[in-house]
Amino acid sequence: MITDPAAFILANTRLQAVPHTPEISLWLADEITPIWRMTEEELGELGLPPPFWAFAWSGGQGLARWLLDTPAEVAGKSVLDFATGSGLVGIAAMKARATQVLAADIDPFCAAAVTLNATANGVALAFTDVDLLDEPPPEVDVICAGDVCYEKPMTDRVMDWLGTARRQGSRVLIGDPHRTYFRSEGLVLLAEYQVPTTRELEDFAIKRSSVWAMA
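These remarks concern the structure in this document. This structure is a prediction, so every number in the text was calculated from the model and none was measured. (Residues numbered from 1 in each chain as written. Predicted model: local features only at pLDDT ≥ 70, side-chain atom pairs only at ≥ 80, totals over all residues. Heavy atoms only, no water.)

### Focus: the packing of aromatic side chains
Two numbers describe a pair of aromatic rings. These are the distance of the centres and the angle of the planes. One pass over the full model with this rule turns up eight aromatic pairs. Here the aromatic rings of Trp 53 and Phe 109 are separated by 5.2 Å at their centres, their planes lie at 20°, and the arrangement is stacked. On the criterion of sequence distance, the pair formed by Trp 53 in the loop between α2 (32–43) and α3 (58–69) and Phe 109 in the loop between β4 (100–104) and α5 (110–120) is long-range, its members being 56 residues apart. Residue Trp 53 is classed as buried on the basis of its relative accessible area, which comes to 1%. (Phe/Tyr/Trp six-rings, centres within 6.5 Å; stacked < 30°, edge-to-face > 60°. Helix = DSSP H or I, 4+ residues; strand = E, 2+ residues; numbered from the N terminus. Buried < 20%, exposed > 50% of the residue type's maximum accessible area, 1.4 Å probe, protein only.)

Structure representation (structure tokens):
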């Protein structure tokens, strides 16, 4: 049983620059299968979702790149990094001079991963492990959501929740590499990138990743 998630992360990942945002370094795994198996073994559970916190996924990389290149999107604003994983997008928002970032994820490792990665990049992120989909969206200036369209039921639920946030007045930014369940209806395309990734994670070594704003 893992009693110290931070120690587990430090022992099984290495600090490395993110391919599409090399000004940000994260504690990342080089291969998905070994750390996935170790996580299941240490937690004593089978069938766990992939350790999203251990990799820089292409949708998040695209969204982080957009924030770094377009800092006016978040400068001086409050930001929620929804389903933060490693904290990549939240770190990019802080580097783009957001006033504060709340990183949210229900994965039990994410709090430690976000803290380690924020420290490595000289920024501070707040963190919550509350399932925000069970609550009304928080009142923040900007909500960022990278790589949230892996499964249809979750995609539908997240997009409906983000729609509620947009109607409440939050700016909603989404990064996605055109996954099967992603839908672009009601979205405005902001940018498109060719993001280096790995065949360990994706079907191509270079993944087309787009950044969208909810209209």
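Further notes follow.
### Digging into helix α4 (residues 88–95)
Within α4, seven of the eight residues are buried, which leaves the element mostly enclosed by the surrounding structure. Along α4, the positions that sit buried rather than exposed are Leu 88, Val 89, Gly 90, Ile 91, Ala 92, Ala 93 and Met 94.

### With respect to unusual backbone geometry
Even without a glycine there, the phi angle at Arg 97 is positive, about 75°. Even without a glycine there, the phi angle at His 178 is positive, about 60°. Structurally, His 178 can be placed in the loop between β7 (171–176) and β8 (187–196).

### What about the packing of helix α1 (residues 5–12) against α5?
At a minimum axis separation of 8 Å, α1 and α5 run at an interaxial angle of 60°. Relative to α5, α1 is oriented oblique. Judged by the sense of rotation from one axis to the other, the crossing of α1 with α5 is right-handed. On α5, the residues touching Pro 5, Ala 6, Ile 9 and Leu 10 of α1 are Ala 112, Ala 113 and Leu 116. Within the contact of α1 with α5, the residues separate by chemical class into seven nonpolar, no polar and no charged. (Axes fitted to C-alpha atoms, helices over the stretch in contact; angles between N-to-C directions. Parallel < 35°, antiparallel > 145°, perpendicular 65-115°, else oblique. Left-handed = near helix turned anticlockwise from the far one by under 90°. Contact = heavy atoms within 4.5 Å. Nonpolar A, V, L, I, M, F, W, Y, C, P; charged D, E, K, R; others polar.)

### With respect to the pairing of strand β3 (residues 78–82)
Of all five residues that make up β3, five are buried, and the element is covered over most of its length. Bridge analysis of β3 against β4 gives five bridges, and the strand direction is parallel. Note on β4: the bridge partner recorded for Val 79 is Val 101. Alignment of β3 against strand β6 (residues 142–146), held across four bridges, turns out to be parallel. The residue bridging Asp 81 from the neighbouring strand is Cys 144, located in β6. (Pairing = 2+ DSSP bridges.)

### Topic: the sheet that holds β3
Ordered by their spatial adjacency, seven strands build an open sheet running β5-β4-β3-β6-β7-β9-β8, and the pairing between neighbours is mixed. Because the sheet does not close on itself, it has two edges, and the strands there are β5 (126–128) and β8. Direction aside, neighbouring strands of the sheet carry axes that sit 20° apart on average. Its contacts with the sheet place α4 against β3, β4 and β6, and it is angled at close to 180° to β4.

### Re the side chain of Asn 117
As for its position among the elements, Asn 117 is in helix α5. Those residues in contact with Asn 117 that sit more than four places away from it in its chain are Ser 25, Leu 26, Trp 27, Ser 86 and Ile 91.

### Brief notes about the side chain of Thr 84
Secondary-structure assignment places Thr 84 in the loop between β3 and α4. A distance of 2.6 Å separates the side chain of Thr 84 from the side chain of Asp 81, its partner in a polar contact. (Polar contact = N/O pair within 3.5 Å; in protein donor to acceptor, adjacent residues only side chain to side chain.)

### Re the pairing of β7
When you tally the buried positions in β7, you get five out of six residues, the bulk of the element. Strand direction decides the pairing type here: β6 and β7, joined by five bridges, are parallel. Counted as the bridge partner of Ala 145 is Ile 174 from β7. For the handedness criterion, the β-α-β arrangement of β6, helix α6 (residues 152–168) and β7 is classed as right-handed. Pairing of β7 with strand β9 (residues 206–214) involves four bridges; the strand directions are antiparallel. Bridging from a neighbouring strand, Gly 175 pairs with Val 211 of β9. (Right-handed = clockwise from strand over helix to strand, strands pointing away.)

### Quick look at the environment of Gly 169
Residue placement: Gly 169 occurs in the loop between α6 and β7. Sequence spacing of Gly 169 and Asp 141 is 28 residues, and the spatial spacing of their C-alpha atoms is 7.6 Å.

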